[in-house]
Amino acid sequence: MKETCVIKKLYFLMIYGFRFIFRKPFFLNLNVDVTEFCTQNCKMCNAELHRDTKDIIGADNVLNHFKKLKKYHFATCSLSGGEPTLVSDIWKVFPMAKKQFPFGVLLLSNLYGNKDRIFKIMEEALKNGIDISISFDGFGEVADKLRGAKRVSEIVEENLWRLKELREATPSKSKITLHTVMCDDNLDQVPDIINLSKKLGFKQSITVVNSFFYLDEPDMPQMTKIDKLVEVVNLAIEQEHITQNREFLKGIVTFSKGEAPKLCPYLTTQLKAFKLFLKPEGDASLCDRVPLGNIYRDKNLNEMFKKDEYAKAVESYRKCSGCWLGCFVVPMIKYKKILTKLK
């Protein structure tokens, strides 16, 4: 099994090497929104959610998505939403996902909702070596305000400790990470969150609130406490369980001052398709969630990047002031380093 995984990774690396040499775009991460419904209502969230409906696709639909896109050799997959644990049978896709995406499968969750359903899914994720990222932005009233729900930290903390016990009882190579979005409201609590993830034996990732150019959210949290932010980022840099590289962490402060360079993969020839978002019905899009096409109605992904919808999306990204999200910025930092070494 291990040898098969190594061979598959080498095969994928050969494909990416070919694409790099011939200046062809990479399809690296497939972000599948398995539902557009969520148990929380976070103002800083950039996902397109439909709270007036509870329509949720099942595992069979996700498996069909995987089969349809297998030929593009995506390296990794993220199962997102909405809240993915609302799809009660989503665990059925884990074995196929693990085989199809050799460089990792990530399940994103707020760990808030029906506990029986959540932990059935978490148990299967651990058994299959699926990585898990848990959103955790604060304690008490701060958490309730930011996450738009009640008793958030009380419920999620209890579930985090239960998840720790479950991982210890289930031999697993899954990496569990607490992910925190920093803003003025929760900045004072971030050191305690970092300490909590360390006690749990989990990884920790941090970012700063972003005002997305395609969102109209008047109550978007802000980051103005720069001196305190510098202190918190310096603390994070010293922690071994923080997952992001130091260049990204230091850039959080620069970005919050409005001085960071714009690092947008979608405006970079070979990374313009590196992260593709897929809605439950098969609509494919970039970060703004505006459909470029549909994987069932369109001939192939490459054709989508020749359509007017893509040209319009790129034009809007040129006007964007930029973001500082790990999933977009970290790959750009690494890509620029590779190009520098090759010069």
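Relevant structure appears above.
Residues numbered from 1 in each chain as written. Predicted model: local features only at pLDDT ≥ 70, side-chain atom pairs only at ≥ 80, totals over all residues. Heavy atoms only, no water.

J.: For this particular structure, what's the right way to read the pattern of salt bridges?
T.: When the charged atoms of two side chains lie near each other, side chains of opposite charge can form a pair. Across all of its chains, the model carries 14 salt bridges by this definition. The partner of Asp33 in a salt bridge is Arg289, with the nearest N and O atoms 3.7 Å apart. In this pair, Asp33 is assigned in strand β1 (residues 29-33) and Arg289 in the loop between β8 (283-285) and β9 (291-294), connecting sequence segments 256 residues apart. With a relative accessible area of 3%, Asp33 lands in the buried category. When its relative accessible area of 7% is taken as the criterion, Arg289 is described as buried. A salt bridge links Glu247 to Lys337; the nearest nitrogen and oxygen atoms lie 3.4 Å apart. Of this pair, Glu247 sits in helix α9 (residues 246-256) while Lys337 sits in helix α12 (residues 326-342), and the two are 90 residues apart along the sequence. (Salt bridge = Lys/Arg side-chain N within 4 Å of Asp/Glu carboxyl O. Helix = DSSP H or I, 4+ residues; strand = E, 2+ residues; numbered from the N terminus. Buried < 20%, exposed > 50% of the residue type's maximum accessible area, 1.4 Å probe, protein only.)

J.: What is the right way to look at the nonpolar core in this model?
T.: It is characteristic of soluble globular proteins that their nonpolar side chains tend to be buried jointly. Formed by 109 residues in total, the largest nonpolar core has its most connected members in Phe66, Leu79, Leu160, Leu163 and Ile252. Excluding its chain neighbours within four sequence positions, the residues that come into contact with Leu79 are Val32, Val34, Val62, Phe66, Pro84, Val93, Phe94, Val105, Leu106, Leu107 and Leu108. (Core = buried A, V, L, I, M, F, W, Y, C linked by side-chain atoms within 4.5 Å. Contact = heavy atoms within 4.5 Å.)

J.: Before we go on, may I ask you to explain helix α11 (residues 308-319) in this structure?
T.: Residues separated by three or four positions in an α-helix point in the same direction, a consequence of the helix having 3.6 residues per turn. The end-to-end C-alpha distance of α11 is 17 Å, a good match for the 16 Å that twelve residues give at a rise of 1.5 Å each. Among all positions of α11, only Tyr310, Ala313, Val314 and Tyr317 are buried. Mapping the buried residues of α11 onto a view down its axis gives an arc of 100°, with all of them on the same face. Turned more than 90 degrees away from the buried face of α11 sit Asp308, Lys312, Arg318 and Lys319, all of them exposed. (Expected span 1.5 Å × (residues − 1). Arc of directions from axis to C-beta.)

J.: Mind showing me how you'd approach a nonpolar patch on the surface here?
T.: Taken together, the side chains of Val6, Leu10, Leu13 and Phe103 make up a nonpolar region of the molecular surface, amounting to roughly 360 Å² of accessible area. Within the fold, Phe103 resides in the loop between α3 (94-100) and β3 (105-109). (Patch = residues over 30% accessible without salt bridge, like charges linked within 9 Å, V, L, I, M, F, W, Y side chains within 5 Å. Areas by Shrake-Rupley, 256 points an atom, 1.4 Å probe, with all protein chains shown as cover.)

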